[in-house]
Amino acid sequence: MRKIVLICSILLLVPLAAAQAKTQDAADKQPASAAPAGPVHYYHFDFIVEDLDSAGKVVNSRSYSTTVDTEPHYLTSIRTGSRIPVITGNIAGQTQYQYVDVGVDLDVRDVHEAGSNLAFDLTANLSGEASAKEATDTMLAHQPVIRQNKWQSRVIIPIGKRTVVFTSDSLDSKGSTRVVVTARSIEE
């Protein structure tokens, strides 16, 4: 009986020892001279969301600012907005609502220097309630119409220069919307 217990114990320990040896072997094979990460630099980002009329004149603008760094895989987010109630029904005389988030969401990730430029992933999500005159359908007269622009891209901008990174026509007019970014080094 003791021999059976001893043999079973050895059979259970062999796979564990083999897995540990394999893990150690994989760790030994890692390159000894992995490229060291460069120094982390900090930048101040100014975002401007501009609404333009059909002639290209700015009729409204909103500004957002944040600080980002060049540390790999870092995410910076800006969130600003409102919650709009939307009537979803009426149960036993009680009006039921669902809330819709509208506003500006900006996400910046993986910022890195490319010469005198900065490259980064940018996601911009702009949403808002359309004007009351746009809800011409009688069924929509009391429900908000939400307009949304969403962009996501890898962008590269010159440091210190105002740069338009996204633009699109408005859905409800002959105007357009654009996102402008300016990056300034904090360390200078």
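Residues numbered from 1 in each chain as written. Predicted model: local features only at pLDDT ≥ 70, side-chain atom pairs only at ≥ 80, totals over all residues. Heavy atoms only, no water.

Draft legend 1. Looking closely at empty space enclosed by the protein. On inspection of all chains with the given rule, the structure shows 1 cavity of 30 Å³ or more. When residues of the lining of the largest cavity are traced back to their parent elements, those giving at least two are β2 (58–69) and β4 (94–114). Among the elements that line the lining of the largest cavity, the one with the most residues is β4, at 4 residues. Here the lining of the largest cavity is composed, by residue class, of 4 nonpolar, 1 polar and 4 charged. (1 Å grid on protein atoms, 1.4 Å probe; cavity = no way out; pocket = protein on both sides within 12 Å on 5 of 7 lines; lining within 4 Å. Points joined across faces, edges and corners; volume = space filled by probe spheres on them. Helix = DSSP H or I, 4+ residues; strand = E, 2+ residues; numbered from the N terminus. Nonpolar A, V, L, I, M, F, W, Y, C, P; charged D, E, K, R; others polar.)

Draft legend 2. Looking closely at unusual backbone geometry. Residue alanine 92 is not a glycine yet carries a positive backbone phi of 50°. Positionally, alanine 92 belongs in the loop between β3 (75–91) and β4. Classification of alanine 92 by relative accessible area gives exposed; the value is 79%. Phi is positive for aspartate 110, which is not a glycine, with a value near 55°. Position of aspartate 110 among the secondary structure elements: in strand β4. Aspartate 110 gets classed as partly exposed once you look at its relative accessible area, which sits at 23%. (Buried < 20%, exposed > 50% of the residue type's maximum accessible area, 1.4 Å probe, protein only.)

Draft legend 3. Spotlight on the sheet that holds strand β5 (residues 117–129). The sheet built from 4 strands is open, its strands ordered β3-β4-β5-β6 with antiparallel pairing. The two strands at the open ends of the sheet, each matched to only one other strand, are β3 and β6 (146–158). Shown here is a sheet whose adjacent strand axes are inclined to one another by a mean of 15°, direction ignored. Bridging between β5 and β6 involves 13 bridges; their strand directions are antiparallel. The residue of β6 that forms the bridge with asparagine 117 is proline 158. (Pairing = 2+ DSSP bridges. Axes fitted to C-alpha atoms, helices over the stretch in contact; angles between N-to-C directions.)

Draft legend 4. Just the sheet that holds strand β1 (residues 42–52), in detail. The strand order across the open sheet formed by 4 strands is β2-β1-β8-β7, and the pairing between neighbours is antiparallel. Each having just a single partner strand, β2 and β7 (163–169) make up the two edges of the open sheet. Strand after strand, the sheet turns through a mean of 15° between neighbouring axes, direction not considered. The pairing of β1 with β2 spans 11 bridges and is classified as antiparallel. Bridged to tyrosine 43 within β2 is valine 68.

Draft legend 5. Structural view of the pattern of salt bridges. Summed over all chains, the structure comprises 8 salt bridges. Arginine 178 is the partner of glutamate 50 in a salt bridge, and the nearest nitrogen-oxygen pair spans 2.5 Å. Within this pair, whereas glutamate 50 is found in strand β1, its partner arginine 178 is found in strand β8 (residues 176–185), the two being separated by 128 residues in sequence. The exposure class of glutamate 50 is buried, given its relative accessible area of 6%. (Salt bridge = Lys/Arg side-chain N within 4 Å of Asp/Glu carboxyl O.)

Draft legend 6. Layout of the nonpolar core. The biggest cluster of nonpolar side chains holds 24 residues, and the ones touching the most others in it are Phe45, Phe47, Phe120, Leu122 and Val179. Sort the elements by how many residues they give to this core and β5 lands first, with 5 residues. Excluding residues that lie within four positions of it along the chain, valine 179 makes contacts with Phe47, Ile48, Val49, Ala124, Leu126, Trp151, Thr163, Val164, Val165 and Phe166. (Core = buried A, V, L, I, M, F, W, Y, C linked by side-chain atoms within 4.5 Å. Contact = heavy atoms within 4.5 Å.)

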